[in-house]
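Remarks on the overall topology
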Amino acid sequence: MSEITFAEKTILLRDANDRFIRLCINETNRSEGDDLIPADIMGYGTTIDELITNRKEFIQLLDRQAEEMSKSIVSFEHIPVFERILNDGDTGIFVREILLDLKSDDYHVNFGIRISVIVSLIDGAYKVVHWHGSAPVMSENDTFHVKDIQGKTEKLEQQVKERTAELHASLEKLRSAQEQLIVQEKLASLGQLAAGIAHEIKNPMNFVNNFSELSIEYVEEIRIELMKIPASDQTVEISGLLNELESNLKKIHQHGTRADNIVKSMLMHSRGGTGVMEPTNLNGLMSEYVNLAFHGMRAGKSAINSKITLDLDPHLPPVSLNTEDFSRVVLNLCKNAFDAMREKTLKPEMESYLPDLRVSTKHSGDQVVLTIADNGPGVPDSIRQKLFEPFFTTKKGTEGTGLGLSITHDIIKSHGGTIQIETVPGEYTHFIITLPIKQTK
Amino acid sequence: MKILIVDDEKDVEMLFRQKFRKEIKNKEIEMVFAFSGDEALALLEEADPPEVMYVFSDINMPGMTGLELLEKVKARFPMINVSMISAYGDSDNYNRAISSGAKEFFTKPIDFESLKKEISEIKG
């Protein structure tokens, strides 16, 4: 042995260390490092109970590890940390970091353990006189800290799941906000266009109405003149023609007035900045205008019997409102509800149907939620998207301008609020308005 | 009493002449028409002092607007009454008209009854 150089001894020591470590982590066959283990091997494993004082205990430790690792696919990475050769090349102190990657059906963990080994040449053979394993976690009887790390992994996975769900939710919110924005942009540009057209149409419409009105006056004057000449077949004929003429002129005036009303409603759209926002007793406004809408409906041509239920939050603080505009919202929505419910009463199979309008307010944080709910025929999916578009109407002929909900939408928007519809065809329609209590400008 | 109506819509003349046909027939009032601000000023300057006692002007007109005409008429002929007639009854137009010396502000569609009342008060 005396011919062996220091460098050669170093290589042999390193080899002994390497074989021992691979044995420790069950990376190699047991027989590969068996010669390195003396009867009185002494060392510490990575857990408190892993105090080894003899060869038998050491073998037991290896068996236990082999059992644990048989359940996992394991890969190793060796990183040398420290090395010192002492005693003229007969003793080596080695420290090595082992990165393990354990993967099973239940878990997948990555962690590092550090193994310090003292190898000495004893009686012509390399033996491990001391070893020590350490890991950066506290663990009682789990060499590879699978449970501990698995727990951490599960916690992390749980957190990732939660985060992912949060992200999904906010993505969904973003999407719906974007959709709303697009709809609002569309409505805004339509509103502007409508207002522009309205102004251009207003003047010609005024002429139509004024001249038809004048012409009706003329017909009346001609009749008076006609009375002054003796009655004959001709006067009877003229009189009949005058009646026809007058009835046509009245039609012109009637439809002109109708167009004028549409134009006026359209101009309401673009009319801005005239109302004043002020703290308002919303409950008071609601009961006043729901009542007004009800009596308006009852006084109208096609009155229905409807139950009215008010459920107003007594703790509602004053809400910043432009009362003139907002009362229109209440009137519009109530009128729509009555119209819808009337339609349902007309169906022959609906004899036992009782219209029911429910209006509620609710204080919710810095917002107030206002619901106007009817048990009418609901809104089919196919038209729900178009509901707030100007000129969209399901009402026949002269009954609606198609501007009510569009104006309602704009007014709520100008209050910094939102309006949403919840509906089940055949069952109900709920309009849900959310308003900020204080205006932030 | 001579009244000047200023509006870029020519049919306004026909409408006013028919609406006031009785008053015109009875020679209670005389109506003249101008279809722009310039035309209106030229018409007012024809006679000195002008025969027109009351000007009713539209606001939205090509060229000189009704509000500009109002200021010019008030500067040159402060004794003539000027009232505005506009489809744009917003507060900006209203405030500017009144502060420039407009007597009244009528919105379109014109309520001819109130217009007649206004004219008879001036005559009175």
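Residues numbered from 1 in each chain as written. Chains lettered and ligands numbered in written order. Predicted model: local features only at pLDDT ≥ 70, side-chain atom pairs only at ≥ 80, totals over all residues.

Thoughts on the overall build of chain B
Filter applied, for reference: The helix and strand labels rest on DSSP assignments: H or I over at least four residues marks a helix, E over at least two residues marks a strand, and numbering proceeds from the N terminus. Exposed residues have 12 or fewer other C-beta atoms within 10 Å of their own C-beta, buried residues have 20 or more, and residues in between are partly exposed; the C-beta atoms are placed from the backbone. Here, residues touch in the contact sense if the C-beta positions derived from the backbone fall within 7 Å of one another.
Looking only at helices and strands, chain B features six helices and five strands. Secondary structure elements of chain B, listed N to C terminal, follow the sequence β-α-α-β-α-β-α-β-α-β-α. Of all 124 residues assigned to chain B, the portion counted as buried reaches 28%. A fraction of 62% describes how many contacts in chain B between residues 6 or more apart in sequence connect residues 24 or more apart.

A short note on the overall build of chain A
Across its full length, chain A holds eight helices and 13 strands. Here chain A, with 441 residues, has 24% of them falling under the buried criterion. Sequence-distant contacts in chain A: of pairs separated by 6 or more residues, those separated by 24 or more amount to 66%.

Notes on the interface of chain A and chain B
Where interface size is given, it is often the accessible area lost as the parts come together that is meant. The test is simple: When residue character is reported, Ala, Val, Leu, Ile, Met, Phe, Trp, Tyr, Cys and Pro are called nonpolar, Asp, Glu, Lys and Arg charged, and the others, Gly included, polar.
Tallying the contact residues gives 10 residues for chain A and nine residues for chain B. Taken together, the residues that form the side of chain A that touches chain B break down as three nonpolar, six polar and one charged.

Points about the pairing of strand β4 (residues 81–86) of chain B
The side chains of a regular strand alternate between the sheet's two faces. Residues and elements named next belong to chain B. How we decide: At least two bridges found by DSSP between two strands are what make those strands a pair. Look down the strands so they point away from you; if going from the first strand over the helix to the second traces a clockwise path, that crossover is right-handed.
Counting buried positions along β4 yields five of six residues, so the element is predominantly enclosed. Relative to β4, strand β3 (residues 52–58) runs parallel, the two being bridged by five bridges. Each residue of the ladder has a partner; that of valine 55, found in β4, is valine 82. After leaving β3, the chain enters helix α4 (residues 66–76) and then returns to the sheet as β4, a path that is right-handed. Pairing between β4 and strand β5 (residues 105–107): three bridges, direction parallel. Within the sheet, the bridge partner assigned to methionine 84 lies in β5 and is phenylalanine 105. Between β4 and its parallel partner β5, the chain crosses via helix α5 (residues 91–99), and the hand of that crossover is right-handed.

A closer look at the nonpolar core
Residue and element names in this part refer to chain A. Threshold: We define the nonpolar core as any set of buried residues of the types Ala, Val, Leu, Ile, Met, Phe, Trp, Tyr and Cys, connected via C-beta atoms lying within 7 Å of each other.
Val290, Val330, Leu333, Cys334, Ala337 and Ile372 are the most contacted members of the largest nonpolar core, which totals 31 residues. If you list the elements that add at least two residues to this core, you get α5 (282–299), β9 (319–321), α6 (323–345), β10 (356–364), β11 (367–374), α8 (404–414) and β13 (428–436). In terms of residue count, the dominant contributor to this core is α6 (nine residues). Every residue in contact with cysteine 334, bar those within four places of it in the chain, is listed here: Val290, Ala293, Leu357 and Ile372.

So, the packing of α5(A) against α6(A)
Residue and element names in this part refer to chain A. Using the following cut-off: Throughout, an axis means a line fitted to C-alpha atoms (over the contacting stretch in the case of helices), and angles, computed between N-to-C directions, take values from 0 to 180 degrees. Note on angle classes: values under 35 degrees are labelled roughly parallel, values over 145 roughly antiparallel, values of 65 to 115 roughly perpendicular, and the remainder oblique. Handedness of a crossing is defined here by the sense of rotation of the near helix relative to the far one, left-handed for an anticlockwise turn of less than a right angle and right-handed for a clockwise turn.
Between α5 and α6, the least distance of the axes is 9 Å, while the angle of their chain directions is 45°. Classified by the interaxial angle, the pair formed by α5 and α6 is oblique. Classified by chirality, the crossing of α6 by α5 is right-handed. For the pair α5 and α6, the contacting residues are Leu285, Met286, Tyr289, Val290, Leu292, Ala293 and Met297 in the first and Thr323, Phe326, Ser327, Val330, Leu331, Cys334, Lys335 and Phe338 in the second. Considered class by class, the residues forming the contact of α5 with α6 number 12 nonpolar, two polar and one charged.

A word on the environment of B:Gly37
All names here are of chain B. Mapped onto the elements, glycine 37 comes out in helix α3 (residues 37–45). For glycine 37 and methionine 64, which are 27 residues apart along the polypeptide, the C-alpha to C-alpha distance reads 5.3 Å. Sequence-distant contacts of glycine 37, defined by excluding residues within four places in its chain, comprise Val6, Met61, Gly63, Met64, Glu68 and Leu69.

A short note on α3(B)
All names here are of chain B. Let me state the cut-off plainly: Here the arc refers to the set of directions running from the helix axis out to each C-beta atom.
Taken together, the buried positions of α3 are Gly37, Ala40 and Leu44. Projected onto a plane normal to the axis of α3, the buried residues spread over an arc of 60° and lie on a single side. For α3, the exposed residues set more than 90 degrees away from the buried face come down to Ala42 and Glu45. In this structure, the buried residues of α3 make contact with β1 (2–6), β2 (30–34), β3 and α4.

What to know about the sheet that holds strand β5 (residues 108–122) of chain A
Residue and element names in this part refer to chain A. Spatial ordering of the open sheet is given by β2-β1-β6-β5-β4-β3, a layout of six strands whose pairing is mixed. Edge positions in the open sheet fall to β2 (51–52) and β3 (73–86), since each of these has one partner strand only. One ladder, built from two bridges, connects strand β1 (residues 42–44) with β2; its direction is antiparallel. Paired with glycine 43 across the strands is isoleucine 52, a residue of β2. Contacting β3, β4 (91–103), β5 and β6 (125–134), helix α1 (residues 6–24) runs over the sheet at an angle of about 135° to β5.

A closer look at the pairing of strand β12 (residues 418–424) of chain A
Relative to β13(A), β12(A) runs antiparallel, the two being bridged by seven bridges. When the bridges of β13(A) are listed, A:Glu422 appears paired with A:His430.

Brief notes about unusual backbone geometry
B:Asp48 connects to B:Pro49 through a cis peptide bond whose omega is 0°. You can see B:Pro49 is positioned in the loop between α3 and β3. With an omega of 0°, the peptide bond between B:Lys108 and B:Pro109 qualifies as cis. Phi at A:Asp123 is positive, roughly 50°, even though this residue is not glycine.

What about α8(A)?
Counting buried positions along α8(A) yields nine of 11 residues, so the element is predominantly enclosed. The positive-phi residue at the C-terminal boundary of α8(A) is A:Gly416, with phi of around 75°.

Things to note about the sheet that holds β11(A)
Note on sheets: strands pair through backbone hydrogen bonds, and any given pair is parallel or antiparallel. Residue and element names in this part refer to chain A. Taken in spatial order, the five strands line up as β8-β10-β11-β13-β12 in an open sheet, and their pairing is mixed. The open sheet has two edge strands with one neighbour each: β8 (307–312) and β12. Strand-to-strand twist across the sheet, computed as the mean angle between neighbouring axes with direction ignored, equals 15°.

Here we look at the environment of B:Asp7
Residue and element names in this part refer to chain B. Looking at where aspartate 7 falls in the secondary structure, it is placed in the loop between β1 and α1 (11–19). According to the C-beta neighbour criterion, aspartate 7 is buried, with 25 such atoms within 10 Å. Distance in space between the C-alpha atoms of aspartate 7 and alanine 34 is 6.6 Å, their sequence separation being 27 residues. Leave out the neighbours within four places in its chain, and aspartate 7 touches Val12, Phe35 and Asp58.

What to know about the confidence of the model for chain B
Note the cut-off: Per-residue confidence from the prediction method is given by pLDDT, with values spanning 0 to 100.
Per-chain confidence: chain B averages 92 in pLDDT, with 100% of residues scoring 70 or above. Note on the complex model: pTM 0.48, ipTM 0.80.

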